Amino acid sequence: MDDHAVAITRVAETQWHAVEDDLTVGRGYTSRRPDGRMFLSIDAWHGAAFDRLADAMLADLPKPLYTVIDEADLDSAVKWKRSGFTTRRREWEYLVPTDPQITGLGSALPPAGVTIVAVGRAEKGPLLALDRVIRDEVEATVGWREMPAEVPPHPDGVTTTDPSEYAVAAQAGEYVGLLRVTTVSRRPRCRRIRLIAIRSDRRRRGIARALLAHVLGSMHRCGIETAWADVNESNEAAVALFEGVGARRASSNLELVLR
């Protein structure tokens, strides 16, 4: 394929087109996340169109630049790395059993003084207050960029946008931990655990395990046999929590960067 036959046009602030013989054979897009990072995506019919789009986008945009790919998509990995991108981090996708006889969570009760508020029952005010505390703690340590890709902060800094997606742990009149669970698009009986977070002064007391036990147990009673979960591979505590209840790695995503 003669890559010189591919013409690239920037058709909008965030979009590029690759045209060959009057046909659009590829599109490139950018999106800026609330933390300020610029992410790229390219959908192209063939390698020449991908390379020409990548070259044009990289020439127009300031670095660093980022993209996310399925690690099993070796073709995409080769293309992006050919353009100079390198792996910044890996996020595992786990299949998590819900049956307490498999997870061993049937006896995982909350610590003394802690109660679990079911998904959809959390009050918005206390939940937003916990969100701010956890967000500040994360920013002061590893930084929000290390959180799962599905929980970016919004322009006003809020990360909790829909209280109906959360189960929470309450103690002494305030929320001290949260678990976010969502329904997967086009698969109404599939649930994905997006985030588990506990206030730093309440960790290592079994609260995360109790939240997970409650949510997985509720799914099991509704006839849902497995759930999905996203975990940054560098989060050793989260990896240990999920693998300790029998979760298995099903796939992984790579975040790539060009500096």
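Note that the coordinates shown come from a computational prediction; the quantities given were computed from them, not determined experimentally.

The rules we used
Residues numbered from 1 in each chain as written. Predicted model: local features only at pLDDT ≥ 70, side-chain atom pairs only at ≥ 80, totals over all residues. Heavy atoms only, no water. Helix = DSSP H or I, 4+ residues; strand = E, 2+ residues; numbered from the N terminus. Buried < 20%, exposed > 50% of the residue type's maximum accessible area, 1.4 Å probe, protein only. Contact = heavy atoms within 4.5 Å. Areas by Shrake-Rupley, 256 points an atom, 1.4 Å probe, with all protein chains shown as cover. Expected span 1.5 Å × (residues − 1). Phe/Tyr/Trp six-rings, centres within 6.5 Å; stacked < 30°, edge-to-face > 60°. Pairing = 2+ DSSP bridges. Core = buried A, V, L, I, M, F, W, Y, C linked by side-chain atoms within 4.5 Å. Salt bridge = Lys/Arg side-chain N within 4 Å of Asp/Glu carboxyl O. Arc of directions from axis to C-beta. Polar contact = N/O pair within 3.5 Å; in protein donor to acceptor, adjacent residues only side chain to side chain.

## Details of the overall build of the protein
For step 1, the next point in the chain: When you go through the protein residue by residue, the secondary structure sums to 6 helices and 12 strands.
For step 2, the next point in the chain: Burial statistics for the protein: of 259 residues in total, 46% are counted as buried.
For step 3, the next point in the chain: Considering only contacts in the protein between residues 6 or more positions apart, those separated by 24 or more positions represent 67%.
For step 4, the next point in the chain: Counting every atom, the protein has about 13400 Å² of accessible surface; 48% of that belongs to carbon and sulfur.

## Some details on the environment of Glu-243
For step 1, the next point in the chain: Along the chain, Glu-243 falls in helix 6 (residues 236-243).
For step 2, the next point in the chain: Among residues more than four places away in sequence, those in contact with Glu-243 are Tyr-94 and Arg-249.

## A short note on helix 5 (residues 207-221)
For step 1, the next point in the chain: For helix 5, with 15 residues, the first-to-last C-alpha span of 21 Å sits near the 21 Å given by 1.5 Å per residue.
For step 2, the next point in the chain: Among the residues of helix 5, Ile-207, Ala-210, Leu-211, Leu-212, Ala-213, Val-215, Leu-216, Gly-217 and Met-219 are the ones counted as buried.
For step 3, the next point in the chain: The first or second residue beyond helix 5 is Gly-223, which carries a positive phi of 90 degrees.

## Brief notes about the packing of aromatic side chains
For step 1, the next point in the chain: Enumeration over the complete set of coordinates arrives at 4 aromatic pairs.
For step 2, the next point in the chain: Seen in terms of ring centroids, Phe-50 and Trp-80 are 5.1 Å apart; in terms of plane orientation they differ by 85 degrees. Their pairing is edge-to-face. Here Phe-50 is found in helix 1 (residues 47-60), whereas its partner Trp-80 is found in helix 2 (residues 74-82), with 30 residues between them in sequence. In terms of burial, Phe-50 and Trp-80 fall into one category: buried.

## Quick notes on the pairing of strand 6 (residues 86-97)
For step 1, the next point in the chain: By the bridge criterion, 9 bridges tie strand 6 to strand 12 (residues 248-258) in an arrangement that is antiparallel. Directly across from Glu-93, in strand 12, lies its bridge partner Ser-251.
For step 2, the next point in the chain: In this sheet, strand 11 (residues 226-232) lies alongside strand 6 in antiparallel orientation, the contact comprising 7 bridges. Bridge pairing links Glu-93 to Asp-230 in strand 11.

## What about the nonpolar core?
For step 1, the next point in the chain: Counting residues in each nonpolar core, the largest one holds 30 residues, and the members touching the most others are Tyr-94, Val-96, Ile-193, Leu-212, Leu-216, Met-219 and Phe-242.
For step 2, the next point in the chain: Contributions of two or more residues to this core are made by strand 6, strand 8 (166-171), strand 9 (174-184), strand 10 (187-198), helix 5, strand 11 and helix 6.
For step 3, the next point in the chain: Among the elements that take part in this core, helix 5 stands out by supplying 7 residues, more than any other.
For step 4, the next point in the chain: Setting aside its immediate chain neighbours within four residues, Leu-212 contacts Leu-105, Leu-179, Ile-193, Ile-196, Gly-217, Leu-241, Phe-242 and Val-245.
For step 5, the next point in the chain: One finds Phe-50, Trp-80, Leu-256 and Leu-258 within the second-largest nonpolar core, a separate group that totals 24 residues.

## Overview of the pattern of salt bridges
For step 1, the next point in the chain: Counting across every chain of the model gives 21 salt bridges.
For step 2, the next point in the chain: Of the charged contacts in the structure, one is a salt bridge between Glu-255 and Arg-89, with a shortest N-O distance of 3.6 Å. On the criterion of sequence distance, the pair formed by Glu-255 in strand 12 and Arg-89 in strand 6 is long-range, its members being 166 residues apart.
For step 3, the next point in the chain: A salt bridge links Arg-194 to Asp-230; the nearest nitrogen and oxygen atoms lie 3.5 Å apart. Of this pair, Arg-194 sits in strand 10 while Asp-230 sits in strand 11, and the two are 36 residues apart along the sequence.
For step 4, the next point in the chain: On the basis of relative accessible area, Asp-230 is assigned to the buried category, the value being 8%.

## As for helix 4 (residues 124-140)
For step 1, the next point in the chain: With 17 residues, helix 4 should reach 24 Å at 1.5 Å per residue; the first-to-last C-alpha distance of 24 Å fits that figure.
For step 2, the next point in the chain: Of all the residues in helix 4, the buried ones are Leu-127, Leu-130, Asp-131, Ile-134, Arg-135, Glu-137 and Val-138. Along the axis of helix 4, the buried residues cluster in a sector spanning 165 degrees; they form a single face.

## Topic: the side chain of Thr-182
For step 1, the next point in the chain: As for its position among the elements, Thr-182 is in strand 9.
For step 2, the next point in the chain: Among the polar contacts listed, one links the side chain of Thr-182 to the side chain of Arg-194, at a separation of 3.1 Å.
For step 3, the next point in the chain: The contacts of Thr-182, once residues within four sequence positions are left out, are Glu-165, Cys-190, Arg-191, Arg-192 and Arg-194.

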